[in-house]
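The residues making up each chain are set out below.
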Amino acid sequence: MNISLTGRWELQEEWREIRKDGHFEVRKQSIVLWLRDDDMCQYLKKMTWTSYVGRSADTEEYGEGGDTESICVGRLRAADDDADAFLGGNGGDAAAAAGSWELTSRCCCPVRVTLEGKGWGSASAIEDDDLICAGSGSLDNVKFSVTLKDLQEKYTHTLSSLVPSDVL
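Quantities reported herein were computed from a predicted structural model and do not represent experimental measurements.

**Quick notes on the pairing of strand S3 (residues 40–52)**
Summarising the sheet, strand S2 (residues 24–35) and S3 pair through twelve bridges and their orientation is antiparallel. Along S3, the bridge assignment pairs Val 26 with Thr 50. Where S3 lies against strand S5 (residues 99–104), two bridges are found, and the strand directions are antiparallel. Across the sheet, the residue bridging to Cys 41 is Gly 99, located in S5.

Written out as structure tokens, the structure reads:
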């Protein structure tokens, strides 16, 4: 299989639903993968949600929260210049990697892009003016997997201008 997966892959999703308790909720998820040709990677998954008093987003907000999970050295934000600089792999802190990626397959199953490494996680939630949870910390074994087909069809692929042209 001769496929270049090097670069930045991003997926944005949104769900809207009325919960069982009658509150309307909007969930947004962003997943970003940074894949280098030396099999090193970074990954960031961010989920946010907002709930509303009524059955639509036109009513008063009731609560909000979110969580993040990453494979990275230190904390990682999708807007970080260092995250995209990671793709260039030119040394320094920006090139440091805490994870690796590979194509995996099992008998009769689709080919998957699988990422694994050390990272960071956080979560918080507030509803009806009450703090439900809040916390963060390092994670020793973060795994993420997506089928190659979904990666190519659902994610947006961009190549960093920091990646040397002979690598692509």
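**Observations concerning the nonpolar core**
If you look at the biggest cluster of nonpolar residues, it comprises 18 residues, and the most contacted ones within it are Leu 33, Leu 35, Val 113, Leu 115 and Tyr 155. Mapped by element, the contributors of at least two residues to this core are strand S1 (7–18), S2, S3, strand S6 (112–127), strand S7 (130–147) and helix H2 (148–154). Ignoring sequence-local partners within four residues, the contact set of Leu 115 consists of Leu 33, Leu 35, Cys 41, Gln 42, Tyr 43, Ile 71, Ser 100, Trp 101, Val 142, Lys 143 and Phe 144. Judged by nonpolar contacts, the second largest core, of five residues, contains Val 32, Trp 34, Leu 44 and Phe 86.

**Observations concerning a negative patch on the surface**
A grouping of Glu 60, Glu 61, Glu 64, Asp 128, Asp 129 and Asp 130 is seen on the molecular surface, where their side chains present a negatively charged patch. Here Asp 130 is to be found in strand S7. Residue classification places Asp 130 among the partly exposed positions, given a relative accessible area of 47%.

**Looking at the environment of Ser 56**
In this structure, Ser 56 sits in the loop between S3 and strand S4 (61–71). In this structure, the C-alpha to C-alpha distance between Ser 56 and Glu 17, residues 39 residues apart in sequence, is 8.8 Å. Looking at Ser 56, its side chain comes within polar contact range of the main-chain nitrogen of Asp 58, at 3.2 Å.

**Considerations on the packing of aromatic side chains**
Evaluation of the coordinates by the stated rule reveals two aromatic pairs. Summarising the aromatic geometry, the rings of Phe 24 and Tyr 52 are spaced 6.2 Å apart at their centres and angled 40° between planes, so their arrangement reads as tilted. Note that Phe 24 is positioned in strand S2 and Tyr 52 in strand S3, a separation of 28 residues in sequence. For Phe 24, a relative accessible area of 10% corresponds to the buried category. The exposure class of Tyr 52 is buried, given its relative accessible area of 12%. Look at Tyr 43 and Phe 144: their rings are 4.8 Å apart centre to centre, the planes differ by 25°, and that puts the pair in the stacked class. Note that Tyr 43 is positioned in strand S3 and Phe 144 in strand S7, a separation of 101 residues in sequence. As far as the burial class goes, Tyr 43 and Phe 144 line up, both buried.

What counts, and where the lines are drawn
- Residues numbered from 1 in each chain as written.
- Predicted model: local features only at pLDDT ≥ 70, side-chain atom pairs only at ≥ 80, totals over all residues.
- Heavy atoms only, no water.
- Pairing = 2+ DSSP bridges.
- Helix = DSSP H or I, 4+ residues; strand = E, 2+ residues; numbered from the N terminus.
- Core = buried A, V, L, I, M, F, W, Y, C linked by side-chain atoms within 4.5 Å.
- Buried < 20%, exposed > 50% of the residue type's maximum accessible area, 1.4 Å probe, protein only.
- Contact = heavy atoms within 4.5 Å.
- Patch = residues over 30% accessible without salt bridge, like charges linked within 9 Å, V, L, I, M, F, W, Y side chains within 5 Å.
- Areas by Shrake-Rupley, 256 points an atom, 1.4 Å probe, with all protein chains shown as cover.
- Salt bridge = Lys/Arg side-chain N within 4 Å of Asp/Glu carboxyl O.
- Lys, Arg positive; Asp, Glu negative; His and termini not counted.
- Charge placed at Lys NZ, Arg CZ, Asp CG, Glu CD.
- Polar contact = N/O pair within 3.5 Å; in protein donor to acceptor, adjacent residues only side chain to side chain.
- Phe/Tyr/Trp six-rings, centres within 6.5 Å; stacked < 30°, edge-to-face > 60°.

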